[in-house]
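Observations on chain architecture
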Amino acid sequence: MKETKVYKELNNCSISADVYDQGSDTPVIIYIHAGALIFGSRTWLPAEQIDFYTNAGFSVISIDYRLAPETKLDVIIEDIRDAIDWVRTKAKQWYDFDTNNMALVGSSVGGFLSMLMGTMDVKPQAIVSLYGYGDILGEWLAQPSEYYCKKPILNRNNASEYVGNTDTSEGAWERFNFYLYCRQHGVWVNEVTGLDRVNDREELMIYNPIDRLSSEFPPTLLLHGDQDTDVPYEQSLIMYEKLKEHGVTTKLITIEGADHVFDQNFEDPSVQNAFAKIIDFLRIHLSK
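Here's the deal with the overall build of the protein chain
Scanning the protein chain for helices and strands turns up ten helices and eight strands. Here the C-alpha atoms of the protein chain give a radius of gyration of 18 Å, agreeing with the 19 Å that 2.2 N^0.38 yields for 288 residues. Projected onto its principal axes, the C-alpha coordinates of the protein chain cover approximately 50 × 45 × 40 Å. Among the 288 residues that make up the protein chain, the fraction classed as buried is 58%. Look at the contacts in the protein chain between residues 6 or more apart in sequence, and 74% of them connect residues 24 or more apart. In the form shown here, the protein chain has an accessible surface area of approximately 12000 Å², with 44% of it arising from carbon and sulfur atoms. Of the side-chain charges in the protein chain, 25 are positive and 43 negative, and the distance between the mean point of each set is 3 Å.

Digging into the pattern of salt bridges
In this structure the tally under the stated criterion is 14 salt bridges. Across the pair Asp82 and Lys8 runs a salt bridge whose closest N-O atoms are separated by 2.7 Å. One end of the pair, Asp82, is in helix α2 (residues 73–95); the other, Lys8, is in strand β1 (residues 2–9), and 74 residues separate them in sequence. Between Asp121 and Arg81 there is a salt bridge, and its shortest N-O distance comes to 2.8 Å. Placement of Asp121 in the loop between α3 (109–117) and β6 (126–130) and of Arg81 in helix α2 is noted, with a sequence separation of 40 residues between them.

Thoughts on helix α6 (residues 176–185)
Counted residue by residue, α6 has nine buried out of ten residues, so it is predominantly covered. For α6, the set of buried residues is Phe176, Asn177, Phe178, Tyr179, Leu180, Tyr181, Cys182, Arg183 and Gln184. At its buried positions, α6 is contacted by α4 (139–142), α5 (156–160) and α7 (188–193). Gly186, located one to two residues past α6, shows a positive phi value of around 65 degrees.

A closer look at the sheet that holds strand β2 (residues 14–20)
In any sheet, the strands associate via hydrogen bonds between backbone groups, in a parallel or an antiparallel arrangement. Spatial strand order, β1-β2-β4-β3-β5-β6-β7-β8: eight strands in an open sheet with mixed pairing. The sheet is open, and its two edges are formed by β1 and β8 (250–255), each paired on a single side. Between one strand and the next, the sheet's axes are offset by a mean angle of 20 degrees, whatever the strand orientation. Here six bridges tie strand β7 (residues 220–225) to β8, and the two strands are oriented parallel to one another. Following the sheet pairing, Gly225 is matched in β8 by Ile255. Strand contacts of α2: β1, β2, β3 (27–32), β4 (59–63) and β5 (98–107), with the helix running at about 125 degrees to β1, the strand carrying the most contacts.

Here's the deal with the environment of Met1
Among the structural elements, Met1 can be located in the segment before β1. Met1 sits in the exposed class, given a relative accessible area of 82%. As a C-alpha pair, Met1 and Gln22 span 21 residues in sequence and 8.9 Å in three-dimensional space. Beyond its immediate stretch of four places on either side in the chain, Met1 contacts Val19, Tyr20 and Asp21.

Conventions used here
Each chain carries its own residue numbering, running from 1 in the written order of its sequence. Given that the model is predicted, a residue must reach a pLDDT of at least 70 before its local features are reported, and side-chain atom pairs must reach 80 or more before they are shown or counted; all residues, however, enter totals for whole chains, interfaces and linings. Side-chain numbers here rest on the full set of heavy atoms in the structure, without hydrogens or water. Strands here mean DSSP runs of E at least two residues long; helices mean DSSP runs of H or I at least four residues long; both are numbered from the N terminus. We compute the radius of gyration over the C-alpha atoms and compare it with the globule rule, which gives 2.2 Å times the number of residues raised to the power 0.38. Remark: exposure states derive from per-residue accessible area (1.4 Å probe, protein chains only) relative to the maximum for the residue type, with buried under 20%, exposed over 50%, and partly exposed in between. Only heavy atoms enter the contact rule, under which two residues are in contact if any of them lie within 4.5 Å. Each accessible area is a Shrake-Rupley result for a 1.4 Å probe, and residues are judged covered by the shown protein chains and nothing else. All tallies of charge rest on Lys and Arg as positive and Asp and Glu as negative; His and the ends of each chain are not included. Charge positions are represented by NZ for Lys, CZ for Arg, CG for Asp and CD for Glu. The working definition used for a salt bridge is a side-chain nitrogen of Lys or Arg within 4 Å of a carboxyl oxygen of Asp or Glu. Note on pairing: DSSP must find at least two bridges between two strands before they are called paired. In this analysis an axis means a line fitted to C-alpha atoms, helices contributing only their contacting stretch, and an angle means the value between N-to-C directions, from 0 to 180 degrees.

Encoded structure:
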């Protein structure tokens, strides 16, 4: 059963989490949704995945966070940190989760945010990244996307019609058009951070997981389709190799022939097999 709670109240924006409680002392998954920081919401966690996790004995919390470009990355990170803190304090009082056994699971930019939390003092016990990325300073984001440039080209004025000027934590699909503009012009980093990729590189490295890895990074499972047209498969491959260099427990599951958001084809045998491995990984690293 789902319960929706407000985990953060601001003057102009309430930020919510959907809680799927499996009872006292259960390990916790915090799910961070996709949408390039620009669109999407906590409701994007598919029902079949919720059932898969809860049937395996995990309580699940799917969180919202404020969205770009209205809110910049440094403040979005505060929301994620506050959500983790809320789970460990307020939510634990209500549901009695085992918050010493917590994983962050994220899709696409949710994988990026999960891995970024792994570099901070709020780090979880385990991380699962589905088609996520650890390097926002790579050329893949700085250059116009060949894939997205095949679509009608948007300029900033066109794209800005789809976003607003006040904080929002739930983004309709039409906001994708702003992301499309960002990828067509190679300006995603600038638009979501408010910083310049070249002149502010040192400051941006604070938000770049691959530059902040250490042996203290949580065990991490990476899943990626090798035909991903949005986030290159190499993003997970590079992260996997770097984590191994630091002695971090890590595993990479390659979904052959799969594009971005491959997990939407949940009944596909290769996806079923991958999710069974997610459960195995979480059981190992969230054990008492």
